[in-house]
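An overview of the molecular structure
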Amino acid sequence: MKAIVLLGAPGAGKGTLAEAVRDQAGFQHISTGDILRAAVRDQTPTGLEAKKFMDAGELVPDSVIMRLVEERIAQGGPEDKFMFDGFPRTLAQAEMFDATLAKLDASVSQVFLLEVSPEAIVKRLGGRRICRGCGAVYNIAFIPPKQDGVCDSCGGELYQRDDDKEATVLNRLEVYNRQTASLVDFYDKKGVLVRVNAAGTPQEAVRDMLSKLR
Ligand code: AMP
């Protein structure tokens, strides 16, 4: 089994990068945020528990996240090549993740840190719009749809994630700096940290990451 991690502040472009790497390098994309949003939409017990944290821009408890990740890994997949997006988010998650992988005789092989300025992040998140139909991601400032509020590819309605509204964005950034940024050091010390320039276009970031992917 191969496991890589995408690390970076909310809005650094992890989701967009993950889709490209999934398509071009055959990794399965595991986004804990996507799993949680699906659970909230389906009103499962986990979703109901997670919603209050998500709406506030706070982290969902580690125990909940670890259960979701372990369930997802157990489902496996055609190639057993996994790319984690938005996970781990705390030191405790990173340590538990190592233990989970060790049981499978695996370890995190590379951690890609997406580097982008805080100013750019606030702009990106505030402008992000997502299609209700196909999940395509737009940005009203950088990658606008041809017609306002309508998805170019499927005609679906575009919406703004509740947690992309300004007050929550600022809190999510604060939470990142307080709880997640320490993972940079954690993985750097293990010698698996790889820096990706995510300040330019999504295509540039994808190219940079793919050139560094082992
Ligand atoms: P994301 O789509 O990765 O930005 O995640 C959206 C929200 O889901 C976050 O603001 C958290 O509330 C929650 N979440 C996602 N992944 C995690 C995680 N690994 N640990 C704790 N909370 C998470």
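Everything discussed here concerns the structure shown above.
Just so it is clear, the model here is predicted, and its values are computed rather than measured. (Residues numbered from 1 in each chain as written. Predicted model: local features only at pLDDT ≥ 70, side-chain atom pairs only at ≥ 80, totals over all residues. Heavy atoms only, no water.)

1. Details of the site of the ligand
Around the ligand, the surrounding shell holds 16 residues, and the nearest of these are Thr 32, Arg 37, Glu 58, Gly 86 and Gln 93. Gly 86 places a main-chain nitrogen or oxygen 2.9 Å from a nitrogen atom of the ligand. Here a nitrogen atom of the ligand and a side-chain polar atom of Gln 93 are 2.9 Å apart. Protein contact buries 96% of the 480 Å² of open area that the ligand shows by itself. If you tally residues by element for the shell around the ligand, the top one is helix H2 (residues 32-41), at four residues. Among the residues making up the shell around the ligand, the classes are represented as six nonpolar, four polar and six charged. (Near = heavy atom within 4 Å. Polar contact = N/O pair within 3.5 Å; in protein donor to acceptor, adjacent residues only side chain to side chain. Areas by Shrake-Rupley, 256 points an atom, 1.4 Å probe, with all protein chains shown as cover. Helix = DSSP H or I, 4+ residues; strand = E, 2+ residues; numbered from the N terminus. Nonpolar A, V, L, I, M, F, W, Y, C, P; charged D, E, K, R; others polar.)

2. Some thoughts on the sheet that holds strand S5 (residues 128-131)
Strand order in the open sheet formed by three strands is S6-S5-S7, and the pairing between neighbours is antiparallel. Whereas interior strands pair on both sides, the edge strands pair on one side only; in this sheet they are strand S6 (137-139) and strand S7 (158-159). The sheet contact formed by S5 and S7 spans two bridges and is antiparallel. Residue pairing across strands places Cys 131 opposite Leu 158, the latter belonging to S7. (Pairing = 2+ DSSP bridges.)

3. Some details on the packing of aromatic side chains
For the structure on display, the rule yields five aromatic pairs. Ring centres of Phe 82 and Phe 84 lie 6.2 Å apart, and the angle between their planes is 35 degrees; this geometry places the pair in the tilted category. Here the two residues Phe 82 and Phe 84 agree in accessibility, since each one is buried. Note on Phe 87 and Phe 97: the rings are 4.8 Å apart at their centroids and 75 degrees apart in plane angle, and the pair reads as edge-to-face. You can see Phe 87 sitting in the loop between strand S3 (81-85) and helix H5 (91-103) and its partner Phe 97 sitting in helix H5, a full ten residues away along the chain. Taken together, the ring pairs in this structure connect Phe 82, Phe 84, Phe 87 and Phe 97 into an aromatic cluster. The aromatic ring of Phe 27 is capped on one face by Lys 81, whose charged end is 4.8 Å from the ring centroid. (Phe/Tyr/Trp six-rings, centres within 6.5 Å; stacked < 30°, edge-to-face > 60°. Buried < 20%, exposed > 50% of the residue type's maximum accessible area, 1.4 Å probe, protein only. Lys NZ or Arg CZ within 6 Å of the ring centre and 35° of its normal.)

4. A look at the pairing of S5
Burial along S5 is two-sided: the face carrying Arg 128 and Ile 130 and the face carrying Arg 129 and Cys 131 are both buried. When S5 meets S6, the two strands line up antiparallel, connected through three bridges. Residue pairing in the sheet places Ile 130 in a bridge with Val 137 of S6. A loop of five residues connects S5 with S6, the two strands running antiparallel in sequence, and Gly 135 in this loop sits at a positive phi of about 80 degrees.

5. Considering the layout of surface pockets
By volume, the second largest pocket is sized at about 190 Å³. Along the walls of the second largest pocket sit Gly 8, Ala 9, Leu 113, Leu 114, Glu 115, Val 116, Pro 118, Ile 121, Leu 173, Tyr 176, Asn 177 and Val 184, which together make up its complete lining. Where the lining of the second largest pocket is concerned, the elements lending two or more residues are strand S4 (108-115), helix H6 (118-127) and helix H7 (166-180). Residues belonging to the lining of the second largest pocket are distributed by class as follows: nine nonpolar, two polar and one charged. (1 Å grid on protein atoms, 1.4 Å probe; cavity = no way out; pocket = protein on both sides within 12 Å on 5 of 7 lines; lining within 4 Å. Points joined across faces, edges and corners; volume = space filled by probe spheres on them.)

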